[in-house]
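Spelled out from the first residue to the last, the chains are:
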Amino acid sequence: MTATATENSTGVNYLNVQYGIRSWLLTTDHKRIALLYLASITFFFLIGGISAVLIRIHLIEPQGALLQPATYNKMFSMHGIVMIFFFLIPSIPATMGNFLIPMMVGARDLAFPRINLLSWYIYVVAGLFTVYALIAGGVDTGWTFYTPLSTTYANGQVMAAALGVFIAGFSSILTGLNFIVTIHKMRAPGLTWSRLPLFVWAMYATSVIQVLGTPVVAVAIVLVGLERMFQVGVFDPALGGDPILFQHLFWFYSHPAVYIMILPSMGVVSELVTCFSKKRIFGYHFIAYSSLAIAAISFLVWGHHMYVSGQSVYASLVFSALSFAVAIPSAIKVFNWTATLYKGSVSYDSPMIYALGFIGLFTMGGLTGMFLASLATDIHLHDTYFVIAHFHYIMVGGALMGYLGGLHFWWPKITGRLYPDAWARFAALVIFIGFNLTFFPQFVVGYLGMPRRYAVYPEEFQVLNIMSSAGASILGVGYVIPLIYLIWSMRYGPAAGPNPWGATGLEWQTPSPPPTENFEQLPVVTEDAYEYGSKEAHVV
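Residues numbered from 1 in each chain as written. Predicted model: local features only at pLDDT ≥ 70, side-chain atom pairs only at ≥ 80, totals over all residues. Heavy atoms only, no water.

Remarks on the packing of aromatic side chains
Applying the stated criterion to the full structure yields 43 aromatic pairs. Where Trp120 meets Tyr121, the ring centres are 4.9 Å apart and the plane angle is 65°; that geometry is what we call edge-to-face. Judged by its relative accessible area of 8%, Trp120 falls in the buried class. When its relative accessible area of 33% is taken as the criterion, Tyr121 is described as partly exposed. (Phe/Tyr/Trp six-rings, centres within 6.5 Å; stacked < 30°, edge-to-face > 60°. Buried < 20%, exposed > 50% of the residue type's maximum accessible area, 1.4 Å probe, protein only.)

So this is what it looks like as structure tokens:
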């Protein structure tokens, strides 16, 4: 489906076509907006990462080594709010999705460029409310804002943080709408649905979840605010409300939100596995349709978070069966990636190392999720560190590994420069080791009964907690290393050329960095996706 890659003879690209802060803050170029998002989410990742480090330092000692219990509550609450709503959810869609989708479908920009810029401004405003909440006293509700704690009893800046999450939802919805319209209406001639890159399929499924699910959590947050400020009886039993209603509203969005975080990484890994195996991906249609299946089923499984809330055992049985069902399309992807690797000409460049790490860690997270989908084991494991470990194997081991893999894969396209691959592979290895040392002990302490969200714990769990804290320090170093060499490469890295990986796909048929309009002339696609080893297609 690809054309012959070309060099940029003029030297003018989206990075240098205009200079000055104004040219960036008022840009409607999807590529520049992607970099604005990249800088913004990196800032919030640092905030969330620092809070995680403080949490792990505190838990070195059974009675706590650093924080007062009230401060500890605020620290893990801020860690969750920032990492989920301001890093993981927008990470790949707002950066790589923004940068790549128009080029992958052969378009010059997204369907609504001004709305795209607006979505970034909305995200920044939302982030400012959250930063204010952090500076002005913090939040002690956890990232879930559970009632009646959030509506009646919580201290701190609950409304500022909740307002930040509410506003961020509009950014998510606008981004999803932009992607859906672009994919439907702006594909290049010949780029049928069965020829779309799997990253685009994953982003399409993600966008559907964003558009359909985000309004529900927005309404739930508005109701929390109304009850907290005006004592409206929605969730307070004393006023005729039901606190369990909030859990239904919250998890109806927040479990699909897990797939907003992980589906884009699955799309990235599909691109990496086929590129670095130099094979057409095995079971293209199964992988594509499994993304849509995950999006659809994700709206039907929220009740597995509520087995101990008093809901009907018959409802719990249905939710349990559906939770097992949503694992099937995820497993299809893993099996098809593995089949693609089989007898492939595999090269272990750093993006591929991240992809392999994703497959292993995501599989571990998915399998442990089956323990939590089962009623019998979830009763024992609910609200223990087993849940923390499972969630982080999916989100950090999965979503973040996919994000870093995609960033390393498309970095030459974004900047036109290569980074030192030896350092990149070393960083991937450090992250993999540090991650497992951090979170695998938490499976053990959770199974043994250590509850989450407590500032203290029994002394018999200290050794495993020290291991976890030591792993967190290694993991932190692993995340700092790419930040250093990627910034270094922007000035000192060797020129990448249009297509350093020999990848297929329309995004690799533009110069690196791309011109503002992406393509000198709109491409016509004549081959299926991932035709490695076949004759090159032509752009006419």
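Comments concerning the packing of helix α2 (residues 30-58) against helix α3 (residues 69-88)
Their axes nearest at 9 Å, the elements α2 and α3 cross at an angle of 150°. Overall, the two elements α2 and α3 adopt an arrangement that is roughly antiparallel. For α2 against α3, the interelement crossing comes out left-handed. Every residue of α3 that contacts α2 at Ile41, Phe44, Phe45, Ile47, Gly48, Gly49, Ser51, Ala52, Leu54, Ile55 and His58 is listed here: Tyr72, Met75, Phe76, His79, Val82, Met83, Phe86 and Phe87. Residue classes in the contact of α2 with α3 are distributed as 14 nonpolar, five polar and no charged. (Axes fitted to C-alpha atoms, helices over the stretch in contact; angles between N-to-C directions. Helix = DSSP H or I, 4+ residues; strand = E, 2+ residues; numbered from the N terminus. Parallel < 35°, antiparallel > 145°, perpendicular 65-115°, else oblique. Left-handed = near helix turned anticlockwise from the far one by under 90°. Contact = heavy atoms within 4.5 Å. Nonpolar A, V, L, I, M, F, W, Y, C, P; charged D, E, K, R; others polar.)

Thoughts on a nonpolar patch on the surface
The grouping of Ile21, Leu25, Leu26, Leu118 and Tyr121 at the surface amounts to a nonpolar patch, some 460 Å² of accessible area in total. Among the elements of the structure, α1 (21-25) and α5 (113-135) are those that each provide at least two residues to the nonpolar patch. Along the chain, Leu25 falls in helix α1. Of the residues examined, Leu25 reaches a relative accessible area of 33% and is grouped as partly exposed. (Patch = residues over 30% accessible without salt bridge, like charges linked within 9 Å, V, L, I, M, F, W, Y side chains within 5 Å. Areas by Shrake-Rupley, 256 points an atom, 1.4 Å probe, with all protein chains shown as cover. Salt bridge = Lys/Arg side-chain N within 4 Å of Asp/Glu carboxyl O.)

Things to note about the pattern of salt bridges
Pairs may arise between side chains of opposite charge once their charged atoms sit close together. Inspection of every chain in the model, using the stated rule, returns five salt bridges. For the salt bridge of Asp29 with Lys31, the shortest nitrogen-to-oxygen distance reads 3.0 Å. Side by side, Asp29 and Lys31 carry an identical accessibility label, which is buried. For Arg280, the salt bridge identified is with Glu531, shortest N-O distance 3.7 Å. With Arg280 in the loop between α9 (243-277) and α10 (284-297) and Glu531 in the segment after α16 (462-492), this pair connects stretches of sequence that are 251 residues apart.

Thoughts on the nonpolar core
By size, the foremost hydrophobic cluster in this structure holds 152 residues, and its most contacted members are Phe199, Trp337, Tyr403 and Trp410. Take this core: its biggest share by element is 18 residues, from α9. Setting aside residues up to four positions removed in sequence, Phe199 forms contacts with Ile92, Met96, Gly97, Leu100, Ile101, Met104, Pro264, Gly267, Val268, Glu271, Trp410 and Tyr530. (Core = buried A, V, L, I, M, F, W, Y, C linked by side-chain atoms within 4.5 Å.)

Description of the packing of helix α14 (residues 385-415) against α16
Axis angle and axis distance: for two packed helices, these are the angle between their axes and the distance between the axes, and together they describe the pair. In the contact formed by α14 and α16, the axes pass within 11 Å of each other and the chain directions differ by 10°. By the angle between their axes, α14 is roughly parallel relative to α16. Of the residues in α16, those in contact with Val396, Leu400, Leu404, Leu407, His408, Trp411 and Thr415 of α14 are Tyr479, Pro482, Tyr485, Leu486, Ser489 and Met490. Here the contact of α14 with α16 is composed, by residue class, of ten nonpolar, three polar and no charged.

Comments concerning unusual backbone geometry
Residues Thr147 and Pro148 are joined by a peptide bond in cis, for which omega reads 0°. Within the element layout of this structure, Pro148 appears in the loop between α5 and α6 (149-153). Looking along the chain, the bond that leaves Ser512 and enters Pro513 is cis, with omega of -5°. If you trace the backbone, Pro513 turns up in the segment after α16. The phi angle at Arg453 is positive, at roughly 70°, despite the residue not being glycine. By the element assignment, Arg453 lies in the loop between α15 (421-447) and α16. Overall, the relative accessible area of 30% leaves Arg453 in the partly exposed class.

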